[in-house]
Amino acid sequence: AQRVTQPEKLLSVFKGAPVELKCNYSYSGSPELFWYVQYSRQRLQLLLRHISRESIKGFTADLNKGETSFHLKKPFAQEEDSAMYYCALSPLTQGGSEKLVFGKGTKLTVNP
Amino acid sequence: DAGITQSPRYKITETGRQVTLMCHQTWSHSYMFWYRQDLGHGLRLIYYSAAADITDKGEVPDGYVVSRSKTENFPLTLESATRSQTSVYFCASSDRRGSYEQYFGPGTRLTVT
């Protein structure tokens, strides 16, 4: 069974400090991993996906298959980064699977 | 972004009542999903649909019914609402030809009294 673990429910940092939101997954195959973000009073939206290897809003995430992790990092946090962050996994199976398995989320607060 | 909409946005109902939450998308996406969002549980999949007339259970389907007679609509019905179904409900859609990204609606906050 697939499982996504985000060990921190709450994370608080100061503006300008580095931030890392942890995500570990459990899946025997090759997953596709995502980070979704939900800003206050906005809908959930995709932040980034591992397959793109891109940086969005200064955030990056590297898939570490050995440690089964997909931590989200930003070197200098901004107040507008305050939001709820969800790590999600989509199992890549033959024929494709559109389902996403979400972690429980980490609420990031960036203090001035 | 009006591509995927949900109605109503807020709903208060009584225990035992039937209530239907609507979801509509304009992208002709094949896949549609219903999630509930609860503190401490994150997002949990209730039901999903791969195409019109094809639906399947997710992680927490009990007490819910779905249908998909048209590609663009995916209503979620609580047959007899319970207090434990008080939650925020999100609908999402996905294009199979893409990279499995899901696009979310604004959510419906449901309170069962």
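Residues numbered from 1 in each chain as written. Chains lettered and ligands numbered in written order. Predicted model: local features only at pLDDT ≥ 70, side-chain atom pairs only at ≥ 80, totals over all residues. Heavy atoms only, no water.

A. Spotlight on the overall build of chain B. A tally of regular secondary structure across chain B gives zero helices and eleven strands. In sequence order, chain B lays out its α and β elements as β-β-β-β-β-β-β-β-β-β-β. For 113 residues, the compact-globule estimate of 2.2 N^0.38 gives 13 Å, and the C-alpha radius of gyration of chain B, at 13 Å, lies within 12% of that figure. Taking all 113 residues of chain B together, 48% fall into the buried category. Considering only contacts within chain B whose residues lie at least 6 apart along the sequence, 54% involve residues at least 24 apart. When the accessible surface of chain B is split by element, carbon and sulfur atoms take 46% of a total near 5400 Å². Averaging the coordinates of the 12 positive side-chain charges in chain B and doing the same for the 11 negative ones gives two points 5 Å apart. (Helix = DSSP H or I, 4+ residues; strand = E, 2+ residues; numbered from the N terminus. Rg over C-alpha atoms; globule rule 2.2 N^0.38 Å. Buried < 20%, exposed > 50% of the residue type's maximum accessible area, 1.4 Å probe, protein only. Contact = heavy atoms within 4.5 Å. Areas by Shrake-Rupley, 256 points an atom, 1.4 Å probe, with all protein chains shown as cover. Lys, Arg positive; Asp, Glu negative; His and termini not counted. Charge placed at Lys NZ, Arg CZ, Asp CG, Glu CD.)

B. Region of the structure containing the sheet that holds strand β7 (residues 60–61) of chain A. Residue and element names in this part refer to chain A. With respect to topology, three strands assemble into an open sheet ordered β3-β8-β7, the strand pairing being antiparallel. What marks the edges here is a single partner per strand, and that holds for β3 (19–21) and β7. Of the pairings in the sheet, the one linking β7 to strand β8 (residues 72–74) comprises two bridges and is antiparallel in character. Pairing of Thr60 across the sheet is with Lys73, part of β8. (Pairing = 2+ DSSP bridges.)

C. Broad picture of the pairing of strand β11 (residues 106–111) of chain A. All names here are of chain A. Burial along β11 is one-sided: Thr106, Leu108 and Val110 are buried, and none of Lys107, Thr109 and Asn111, which face the opposite way, are. In terms of strand pairing, strand β2 (residues 10–14) meets β11 through five bridges, oriented parallel. When the bridges of β11 are listed, Leu11 appears paired with Leu108. Note that strand β9 (residues 83–91) and β11 share three bridges and pair antiparallel. Paired with Tyr85 across the strands is Thr106, a residue of β11.

D. View of unusual backbone geometry. In this structure, the amide linkage connecting Ser7(B) to the following residue, Pro8(B), adopts the cis form with an omega of -10°. Within the secondary structure, Pro8(B) is located in the loop between β1 (4–7) and β2 (10–13).

E. Region of interest: the state of the cysteines. Throughout the structure, instances matching the rule amount to two disulfides over all chains. What pairs with Cys23(A) in a disulfide is Cys87(A), and their sulfur atoms sit 2.0 Å apart. Where Cys23(A) bonds to Cys87(A) through sulfur, the torsion about that S-S bond is close to -65°, and the disulfide is left-handed. Here Cys87(A) lies in strand β9 and Cys23(A) lies in the loop between β3 and β4 (24–26), a separation of 64 residues in the sequence. The two residues Cys23(A) and Cys87(A) agree in class, both being buried. Residue pairing for Cys23(B): its cysteine sulfur links by disulfide to Cys91(B), the two sulfurs lying 1.8 Å apart. Linking Cys23(B) and Cys91(B), the disulfide has an S-S dihedral of approximately -75° and is accordingly described as left-handed. Here Cys23(B) is found in strand β3 (residues 19–25), whereas its partner Cys91(B) is found in strand β9 (residues 87–94), with 68 residues between them in sequence. Cys91(B) carries the same exposure label as Cys23(B), and that label is buried. (Disulfide = S-S within 2.5 Å.)

F. Looking closely at the sheet that holds β3(B). All names here are of chain B. Spatial ordering of the open sheet is given by β1-β3-β8-β7, a layout of four strands whose pairing is antiparallel. Of all strands in the sheet, those with a lone pairing partner are β1 and β7 (64–66), marking the two edges. Within this sheet the neighbouring strands show an average axis-to-axis angle of 20°, counted without direction. Two strands pair when backbone bridges link them, and β3 and strand β8 (residues 76–78) are joined in this way by three bridges, in the antiparallel orientation. Residue Thr20 lies in a different strand from β8, and its bridge partner there is Thr77. (Axes fitted to C-alpha atoms, helices over the stretch in contact; angles between N-to-C directions.)

G. Structural context of the packing of aromatic side chains. All told, the structure shown has 14 aromatic pairs over all chains when counted by the stated rule. The interplanar angle of 75° and the centroid separation of 5.7 Å between the aromatic rings of Tyr36(A) and Phe104(B) together place this pair among those described as edge-to-face. Of the two residues, Tyr36(A) is situated in strand β5 (residues 31–38) and Phe104(B) in strand β10 (residues 102–104); the pairing between them involves two chains. Residue classification places Tyr36(A) among the buried residues on the basis of a relative accessible area of 0%. A residue is classified by how much of its surface remains accessible, and Phe104(B), at 2% relative accessible area, is buried. Between Phe102(A) and Phe104(B), the aromatic rings sit 6.1 Å apart at their centres with planes inclined by 75°, giving edge-to-face as the arrangement. A residue pair is termed interchain when its members come from two chains, as with Phe102(A) in strand β10 (residues 101–102) and Phe104(B) in strand β10. What links up through ring pairs into an aromatic cluster is the set Phe34(A), Tyr36(A), Tyr86(A), Phe102(A), Tyr31(B), Phe33(B), Tyr35(B), Tyr48(B), Phe90(B) and Phe104(B). (Phe/Tyr/Trp six-rings, centres within 6.5 Å; stacked < 30°, edge-to-face > 60°.)

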